[in-house]
Amino acid sequence: MFLARSGKGATKLALTRAIGCPVTVGGLVAAGCLVTACGTANQSSFAFQRPDIETSLAVSESAQLAGPPSGADSPPSSTSASPVASEDIIKWYNQEIHWGKCEGDNPQSDYHFDCATIKAPLSWQNPNQGEIDLALKRHAANGQPIGALLVNFGGPGAPGVRVLPSFLPNFGAALQNAYDIIGFDPRGVGESTPVVCFDSAAAKDAQIAKSYAFTAAGNAEFVRDQQALAQGCYERTGPLYGLVDTVSAARDLDLIRALLGQKQLNYLGFSYGTKLGATYAGLFPQNVGRMVLDGAIDITKSADELNVDVAIGFENAARAFVAACLAGQTGTDGENCTLSGSVDQGMAQIRQLLERAYQQPLPTEQERPLTQLLAVYGILAALYDNDSWPRLTGALAEAINEGTGTGLLKLSDWYTERNTDGTYASNLLPEAYPAVTCLDEAGTVDPSKAATYNDRIAAGAPTFGDFYKDYELFCQGWPVAPVRTTYDLTAPGANDIMVIGATNDPATPYRWARAVASTLDSGFLVTFTGEGHTGYGRGSSCIDSAVDTFLVKGKRPASGITCAVD
């Protein structure tokens, strides 16, 4: 989910300590990590298999059952059209993938990749309306491949093409031996045809840093700014801006599956990637191969209900950090916890710092001061993974004791993916993320219940709750209507689907994973006991082994398995 007053998503994968790049909120690699651009030189190709088209169409045409929860009265929305004639879609499935060199890859790396770009229809409802690019990146199996494994790193908006090289060391040797591992940029993201909202990095800086008063006037200013932002995105992006919804992305996923020559989709999705995976399973249950959903989003809940859970989740994660800080468990290099007293008192000191940053932004080593919102980003960034708590300890000590915000600004820049040269590593915030979110979720928000949701947030998240309140304002006056497509959330007939939940995950609370495993007819739950977002690749050999064994051998772990950090 996101901070209602910022438009920043929080349901995204946090990269782990195993990666030689900074841990970031949203699972994306920040400054200092390789950015790749893919070429399309012809090296090899997979021919399309016509039966896959017919299977996909048959499944798609039958997937018109129970859809996501509906909210109260909402703006007019587009509904999934009647299935188009198969000949209008066949041409997209008749492509070949031409793998070639990935420009910009590090030649000294132990890992080598191929890249490609395929075409997809701009609109799956009107497939002759135009086309978009979808970027792919492949790490070929070290052994004899049993198939391709597609990976989505979260978001919405995580660029798999860029993230894959950094995350690859987290994949077990058995997985790397058995699969061609494919990262992809969904529609609207990264190297695929992107959502574009800004003419300059400076304009993006200003949008990201702006704080708002928690008043009626502040709400009105926020709505005006959101509408202006969305209108600018729409003008710069064109028709694609209204067609980056998750259902369209899931149909793209099936196209990729078929062009890879796979009769079924093998898939590993983190955070938002679980929503994309569950949507795919609902649309194409017979095409599901071996699927893992890590850090699952509860697809049965409305957007405003999810937002309440996330606000409270981050409050609880912050309290866990403060408790560890007060106990002397988070310091590094001689840095002591600057917070004092009880956990409640420590949280109050953080609130005081945030109020101080609102009244007078803190100076930093850069020309950019630390605003209140940037301070919140910096704190939340470290709550995605407890390995980042020592950095948060030092940043808070600097801000509280010295009155400067350099440490928190660096954490914030990880969160927003701002490079040290002032450019941004991706178009996730505030471009791709709100574009997808408002298409998917605006129609499930009930404005008549806003006061009730705000009260729940205030009670459960007194420190960060103000930044999550008034969810209904985020997409108000959006220039494109939300998309509603019906499909069966239970994915009847799909193969086994592993769902992973971490017990103190701030971004995708554990109960969401339980709900997803229960909702999916073939879902089963694996529990990670620990702090932070998602489970795979975060220091638990038990989790890693369960995932690798399931994906490579198709073998389910023992029922009710619970794993901890080694």
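Keep in mind that what you see is a predicted model, and the values were worked out from it rather than measured.

The rules we used
Residues numbered from 1 in each chain as written. Predicted model: local features only at pLDDT ≥ 70, side-chain atom pairs only at ≥ 80, totals over all residues. Heavy atoms only, no water. Helix = DSSP H or I, 4+ residues; strand = E, 2+ residues; numbered from the N terminus. Buried < 20%, exposed > 50% of the residue type's maximum accessible area, 1.4 Å probe, protein only. Areas by Shrake-Rupley, 256 points an atom, 1.4 Å probe, with all protein chains shown as cover. pLDDT = per-residue confidence, 0-100. Contact = heavy atoms within 4.5 Å. Disulfide = S-S within 2.5 Å. Phe/Tyr/Trp six-rings, centres within 6.5 Å; stacked < 30°, edge-to-face > 60°. Lys NZ or Arg CZ within 6 Å of the ring centre and 35° of its normal. Axes fitted to C-alpha atoms, helices over the stretch in contact; angles between N-to-C directions. Parallel < 35°, antiparallel > 145°, perpendicular 65-115°, else oblique. Nonpolar A, V, L, I, M, F, W, Y, C, P; charged D, E, K, R; others polar. Pairing = 2+ DSSP bridges. Expected span 1.5 Å × (residues − 1). Arc of directions from axis to C-beta. Core = buried A, V, L, I, M, F, W, Y, C linked by side-chain atoms within 4.5 Å. Salt bridge = Lys/Arg side-chain N within 4 Å of Asp/Glu carboxyl O.

1. Topic: the overall build of the protein
Helix and strand counts for the protein stand at 17 helices and 15 strands. In the protein, which comprises 566 residues, the proportion classed as buried is 61%. Of the roughly 19,500 Å² of accessible surface on the protein, 48% is carried by carbon and sulfur atoms.

2. Some thoughts on the confidence of the model for the protein
This prediction gives the protein a mean pLDDT of 85; 84% of its residues lie at or above 70. Counting interchain partners and residues more than four positions distant, the pLDDT-below-50 stretch residues 4-83 has 273 contacts.

3. Digging into the state of the cysteines
This structure, assessed with the given rule, holds five disulfides. Two residues share a disulfide in this structure: C102 and C115, whose sulfurs sit 2.0 Å from each other. Every disulfide takes its handedness from the sign of the S-S torsion; for C102 and C115 that torsion is 105°, giving right-handed. A residue pair is termed long-range when its members are at least 10 positions apart, and C102 in strand β5 (residues 100-103) and C115 in strand β6 (residues 114-121) qualify at 13 residues. Its relative accessible area of 3% is what places C102 among the buried residues. Between the sulfur atoms of C438 and its disulfide mate C475 the distance is 1.9 Å. Negative torsions about the S-S bond denote left-handed disulfides, and the value of about -80° found for C438 with C475 makes this one left-handed. Taken together, the positions of C438 in helix α14 (residues 428-441) and C475 in the loop between α15 (450-460) and β12 (483-484) put the pair 37 residues apart, joining distant regions of the chain.

4. Points about helix α13 (residues 406-416)
In terms of burial, α13 is a largely internal element, ten of the eleven residues being buried. Along α13, the positions that sit buried rather than exposed are T406, G407, L408, L409, L411, S412, D413, W414, Y415 and T416.

5. Regarding the packing of aromatic side chains
For the structure shown, the criterion picks out 15 aromatic pairs. Between F153 and F167, the ring centres sit 5.3 Å apart and the planes meet at 65°, which makes this aromatic pair edge-to-face. Taken together, the positions of F153 in the loop between β8 (147-152) and α3 (160-167) and F167 in helix α3 put the pair 14 residues apart, joining distant regions of the chain. Look at F167 and F171: their rings are 5.3 Å apart centre to centre, the planes differ by 75°, and that puts the pair in the edge-to-face class. What makes F171 buried here is its relative accessible area of 3%. By the ring-pair criterion, three or more aromatic residues cluster together here, those being F153, F167, F171, F270 and Y536. Geometry around F113 places K137 over its ring, the cationic atom sitting 5.1 Å from the centre. Between R556 and the ring centre of F524, over which it is positioned, the NZ or CZ distance is 4.2 Å.

6. Examining the packing of helix α5 (residues 201-209) against α14
Packed helices, taken two at a time, are described by the angle between their axes plus the distance between the axes. Relative orientation of the contacting elements α5 and α14 amounts to 70°, with a least axis distance of 11 Å. Relative to α14, the element α5 lies roughly perpendicular. Contacts from K204, Q207 and I208 in α5 reach L429, P430 and E431 in α14. Taken together, the residues of the contact of α5 with α14 break down into three nonpolar, one polar and two charged.

7. So, unusual backbone geometry
Cis geometry marks the peptide bond from G155 to P156; its omega dihedral reads 5°. Within the secondary structure, P156 is located in the loop between β8 and α3. Here the amide bond leading from L429 into P430 is cis, since omega sits at -15°, within 30 degrees of zero. Mapping P430 onto the fold places it in helix α14. Unusually for a residue other than glycine, E417 sits at a positive phi of about 65°.

8. As for the pairing of strand β9 (residues 179-185)
Here β9 lies mainly inside the structure; seven of its seven residues are buried. Covered by surrounding structure in β9 are Y179, I181, G183 and D185 together with D180, I182 and F184, the residues of both alternating faces. Alignment of strand β7 (residues 131-139) against β9, held across five bridges, turns out to be antiparallel. In the strand pairing of β9, H139 is matched with I181.

9. What about helix α10 (residues 343-359)?
For the α-helix, the turn length of 3.6 residues means that residues three or four positions removed from each other point alike. With 17 residues, α10 should cover 24 Å at 1.5 Å per step; its first-to-last C-alpha distance of 25 Å lies within 8% of that length. Looking only at α10, the buried set comprises G346, M347, Q349, I350, L353, L354 and A357. Down the axis of α10, the buried set is contained in an arc of 150°. They therefore lie on one face. Every exposed residue of α10 that faces more than 90 degrees away from the buried side is listed here: Q352 and Q359. In the core, the buried residues of α10 are packed alongside α9 (303-326), α11 (372-383), α12 (389-402) and α13.

10. Observations concerning the nonpolar core
In terms of nonpolar packing, the biggest core is built from 128 residues, with L383 and L408 touching the most fellow members. Looking at this core element by element, the count peaks at eleven residues for α9. In terms of nonpolar packing, the next biggest core, distinct from the first, is built from 33 residues, L168, F171, A502 and L551 among them.

11. Structural notes on the pattern of salt bridges
For the structure shown, the criterion picks out 20 salt bridges. Across the salt bridge formed by R187 and D252, the nearest N and O atoms sit 2.6 Å from each other. Here D252 lies in helix α7 (residues 246-259) and R187 lies in the loop between β9 and α5, a separation of 65 residues in the sequence. Residue classification places R187 among the buried positions, given a relative accessible area of 2%. Since its relative accessible area comes to 3%, D252 is described here as buried. With a shortest N-O distance of 2.8 Å, D199 and R236 are connected by a salt bridge. Separated by 37 residues along the polypeptide, D199 in the loop between β9 and α5 and R236 in helix α6 (residues 216-237) bring together distant segments of the chain. Salt bridges here are not isolated pairs; linked through shared partners, they connect K119, E131 and D133.

12. Considering the environment of L306
Inspection of the secondary structure puts L306 in helix α9. A C-alpha to C-alpha distance of 9.8 Å links L306 and A507, two positions 201 residues apart in sequence.

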